[in-house]
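Descriptive structure summary
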Amino acid sequence: MPEMLVETPSDVVKFLEAQHDLIEDMFDEVLHASDTPAREAAFVALRQLLAVHETAEEMFIHPRARAEVGDQLVDLRLREEHEAKELLSSIEGLDVGSQEFLDELTKLRDAVLAHAEHEEDLEFTQLRSELTADERQRLTRAVQAAEAIAPTRPHPGVESAKLNFAVGPFASLLDRARDLISKAL
């Protein structure tokens, strides 16, 4: 996963918003890559960031947000994440140099950016106002720890905190082994 080029914020809301900005930039990098190898490398980095970012949100942010914004809004965010994971999984099987890849990635970008906007407007605003600075810092550390061990590929159907805790470690091991093998080949 690429490192952020700016100092990592200790406030979880700022941290996640910075990742949303990075994700948007990475979509642009993939879509405007100069050649197929550059597009593939940028896509792998984007896929990894999307996977670990969503896993951490599902494990810590959405469960905490339920208390602030309610089940209905969080369930909508989880549905959006599921749909994005399904689309990302289907894109993985496409030829990175094809127009179909670009078209599907553009759909994914639009969905992911709309999802990020919903999170920022609905969940993050509430978390910012309801959580103390100390709670936001502790949540940042939890999110960072989750991202460090999260799966690096999308796993549609694993959108709850419970499933991420139960299935995530095994999926992460498999994904990281698959990533190493892909690099070696």
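Our structure is the block above this text.
Source: prediction; values computed, not measured.

Moving on: the overall build of the protein. Of regular secondary structure, the protein possesses 6 helices and 0 strands. Secondary structure of the protein in N-to-C order comes out as α-α-α-α-α-α. For the protein, the C-alpha radius of gyration of 16 Å lies close to 16 Å, the compact-globule estimate for 185 residues. Across its three principal axes, the protein shows a C-alpha extent of roughly 45 × 35 × 30 Å. Expressed as a percentage of the 185 residues in the protein, the buried residues total 46%. Counted over contacts in the protein with a minimum sequence separation of 6, partners at least 24 positions apart contribute 76%. Accessible area for the protein stands at about 9500 Å²; split by element, carbon and sulfur atoms hold 55% of it.

In this structure, Ser98 sits in the loop between α3 (71–92) and α4 (99–130). Looking at Ser98, its side chain comes within polar contact range of the main-chain oxygen of Asp95, at 2.7 Å. A polar contact is formed between the side chain of Ser98 and the backbone nitrogen of Phe101, at a distance of 3.0 Å.

Here we take up the packing of helix α2 (residues 36–69) against helix α6 (residues 161–184). Between α2 and α6, the shortest axis-to-axis distance is 11 Å and the interhelical angle comes to 165°. Our classification of the angle between α2 and α6 gives roughly antiparallel. At the point where α2 passes α6, the crossing takes the left-handed sense. From α2, Arg47, Gln48, Val52, Thr55, Glu58, Met59, Phe60 and Pro63 reach across to α6, where they touch Ala161, Asn164, Phe165, Arg176 and Asp179. Classifying every residue of the contact of α2 with α6 by side-chain character gives 6 nonpolar, 3 polar and 4 charged.

In the structure shown here, the tally under the stated rule is 1 aromatic pair. Judged by centre distance (5.2 Å) and plane angle (80°), the rings of Phe43 and Phe101 are edge-to-face. Here Phe101 lies in helix α4 and Phe43 lies in helix α2, a separation of 58 residues in the sequence. Residue Phe43 is classed as buried on the basis of its relative accessible area of 4%.

Rules and cut-offs
Throughout, a residue's number is its position along its own chain's written sequence, starting from 1. Totals for whole chains, interfaces and linings use all residues, but because this is a predicted model, local features are given only for residues with pLDDT of at least 70 and pairs of side-chain atoms are given and counted only at 80 or more. To obtain the side-chain values, all non-hydrogen atoms of the structure were used and water was disregarded. By the criteria applied, helices consist of DSSP H or I runs no shorter than four residues and strands consist of E runs no shorter than two, each listed in order from the N terminus. As a reference, a globule follows 2.2 Å times the number of residues to the power 0.38, and the radius of gyration itself is taken over C-alpha atoms. A 1.4 Å probe rolled over the protein chains alone gives each residue an accessible area, and that area as a share of the maximum for its type sets the label: buried under 20%, exposed over 50%, partly exposed in between. Only heavy atoms enter the contact rule, under which two residues are in contact if any of them lie within 4.5 Å. Methods summary: accessible areas were calculated by the Shrake-Rupley approach with a probe of 1.4 Å, and residue burial reflects only the protein chains presented. Each polar contact in these results corresponds to two N or O atoms within 3.5 Å; when the atoms are within protein, one needs to be able to donate a hydrogen and the other to accept it, and residues that are neighboring in sequence are counted only if both atoms are side-chain atoms. Every axis corresponds to a line fitted to the C-alpha atoms, with the helix fit spanning only the stretch in contact, and the corresponding angles, defined between N-to-C directions, vary from 0 to 180 degrees. Working rule for angles: under 35 degrees goes down as roughly parallel, over 145 as roughly antiparallel, 65 to 115 as roughly perpendicular, anything else as oblique. If you view the pair so one helix is near and one far, a crossing is left-handed when the near helix is turned anticlockwise from the far one by less than a right angle, and right-handed when it is turned clockwise. Throughout, the ten residues Ala, Val, Leu, Ile, Met, Phe, Trp, Tyr, Cys and Pro are labelled nonpolar, Asp, Glu, Lys and Arg are labelled charged, and all others, Gly among them, are labelled polar. Only Phe, Tyr and Trp rings are paired, with Trp represented by its six-membered ring, and only when their centres lie within 6.5 Å; those with planes under 30 degrees apart are stacked, over 60 edge-to-face, the remainder tilted.

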